[in-house]
Amino acid sequence: MNIEFLKENMMGPNAWLMAEELTANLPLKKGMRVLDLGCGRGLTSVFLAEKFGVQVFAVDLWTSATENYERFKQAEVSDLIVPLQFDALQLPFAEGFFDAVVSVDSYHYFGNNDTYFEKALKPILKKDAIVAIAFPGMKYEVHGNIPEEMKPLWEAEALEMWHSIDWWKPKFTPHLKDFRIAEMDCFDRAWNDWLSCNNPYAVEDRLMIETDNGRFMNLIKFTGSIC
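Residues numbered from 1 in each chain as written. Predicted model: local features only at pLDDT ≥ 70, side-chain atom pairs only at ≥ 80, totals over all residues. Heavy atoms only, no water.

Taken as a whole and assessed by the stated rule, the structure comprises one cavity of 30 Å³ or more. Estimates place the volume of the largest cavity at around 30 Å³. Surrounding the largest cavity, Tyr-107, Gly-111, Asn-113, Asp-114, Phe-117, Glu-118, Lys-171, Phe-172 and His-175 form its lining. Of all the elements in the fold, those that place two or more residues in the lining of the largest cavity are helix H6 (116-121) and helix H8 (165-172). Taken together, the residues that form the lining of the largest cavity break down as three nonpolar, three polar and three charged. (1 Å grid on protein atoms, 1.4 Å probe; cavity = no way out; pocket = protein on both sides within 12 Å on 5 of 7 lines; lining within 4 Å. Points joined across faces, edges and corners; volume = space filled by probe spheres on them. Helix = DSSP H or I, 4+ residues; strand = E, 2+ residues; numbered from the N terminus. Nonpolar A, V, L, I, M, F, W, Y, C, P; charged D, E, K, R; others polar.)

Structure, rendered in structure tokens:
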């Protein structure tokens, strides 16, 4: 991956690095249809196409399909990726269409409830489809006792989405077999890559990560397959 391309298109902790760890042991194969849900500027879509040769449907609400198509052409993988601009709450796909779903640093925006996975996402996945999702979280629930030094640095909207492994686990255990959920090993590297960018949002995040100092925040990954 071209470093400049990577830095230009990061929107948070290094999604390419997160995707590498998330998919390290997954049986993704050429010819599979993979939904990249909340793909942002398409880094994870490029990764999936390059690494596995799968057919990627790159869906994002805020990034235009045309802009992502230009990025996919630049990365020379546009023949493997379909860029789409849709709301994750209104996915226009047939039931049982996808062999896998991968979602990096986006699921917590729309899936942090008891109904989204079962009602919106599961129906468009085949039986035995691979599920691989990673997002920012917390080492434990802090919402009832927010550390004073973090209050100015954590936005209320973000806190509503950042939860612990124990909070997330029951959202998926009824629907997935071979379910595994854990903290990601790449936390420091993924955040440091983002914080080294000149993106103004990255600059804003520097004090938050420095103040947290590994005490509260984490990155969470889980994998499994549809029952």
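Moving on, we come to the pattern of salt bridges. Under the criterion given, the structure shown has nine salt bridges. Between Glu-21 and Lys-221 there is a salt bridge, with its nearest N and O atoms 3.0 Å apart. Taken as a pair, Glu-21 in helix H2 (residues 15-22) and Lys-221 in strand S7 (residues 217-226) lie far apart in primary sequence, 200 residues in all. (Salt bridge = Lys/Arg side-chain N within 4 Å of Asp/Glu carboxyl O.)

We now examine the side chain of His-108. Among the secondary structure elements, His-108 is positioned in helix H5 (residues 107-110). Overall, His-108 belongs to the buried group, its relative accessible area being 1%. Residue contacts for His-108: discarding those within four places in its chain leaves Phe-135, Pro-136, Met-161, Trp-162 and Trp-168. (Buried < 20%, exposed > 50% of the residue type's maximum accessible area, 1.4 Å probe, protein only. Contact = heavy atoms within 4.5 Å.)

Another point: the layout of surface pockets. Volume-wise, the largest pocket comes out at about 1,400 Å³. Taken together, the elements giving at least two residues each to the lining of the largest pocket come down to helix H3 (43-52), strand S2 (55-60), H5, helix H7 (156-159), helix H9 (187-195) and helix H10 (200-212). In terms of residue count, the dominant contributor to the lining of the largest pocket is H10 (four residues). Residue classes in the lining of the largest pocket are distributed as 27 nonpolar, eight polar and eight charged. By volume, the second largest pocket amounts to about 320 Å³. Lining of the second largest pocket is provided by 17 residues; of these, Leu-22, Asn-25, Leu-26, Arg-180 and Thr-223 occupy positions nearest its centre. Listed by contribution, the elements that provide at least two residues to the lining of the second largest pocket are H2, strand S5 (125-138), strand S6 (176-183) and S7.

With respect to topology, seven strands assemble into an open sheet ordered S3-S2-S1-S4-S5-S7-S6, the strand pairing being mixed. For this open sheet the edge positions go to strand S3 (81-85) and S6, each flanked by a neighbour on one side alone. Between one strand axis and the next, the sheet turns by 15° as a mean value, whatever way the strands run. Each of strand S4 (98-104), S5, S6 and S7 touches H2; the most contacted strand, S4, lies at about 135° to it. On top of the sheet, helix H4 (residues 65-74) reaches S2 and S3; it is set at about 160° to S3, its chief contact. (Pairing = 2+ DSSP bridges. Axes fitted to C-alpha atoms, helices over the stretch in contact; angles between N-to-C directions.)

Excluding glycine, a negative phi dihedral is what most residues carry, and trans is how most peptide bonds are arranged. Positioned with a positive phi, Asp-105 is a non-glycine residue whose angle comes to about 60°. Looking at the element boundaries, Asp-105 is found in the loop between S4 and H5. Positive phi is not limited to glycine here, since Asp-128 has a value of about 70°. With respect to the secondary-structure elements, Asp-128 resides in strand S5.

The final tally for this structure, using the stated rule, is 25 aromatic pairs. On the numbers, 5.8 Å between centres and 70° between planes, the contact of Tyr-107 with Tyr-116 is edge-to-face. Both residues of the pair, Tyr-107 and Tyr-116, belong to the buried class. In this structure an aromatic cluster arises from ring pairing among Tyr-107, Phe-110, Tyr-116, Phe-117, Phe-135, Trp-167, Trp-168, Phe-172, Phe-179 and Phe-222. Positioned above the aromatic ring of Phe-97, the side-chain terminus of Arg-33 is 4.0 Å from the ring centre. (Phe/Tyr/Trp six-rings, centres within 6.5 Å; stacked < 30°, edge-to-face > 60°. Lys NZ or Arg CZ within 6 Å of the ring centre and 35° of its normal.)

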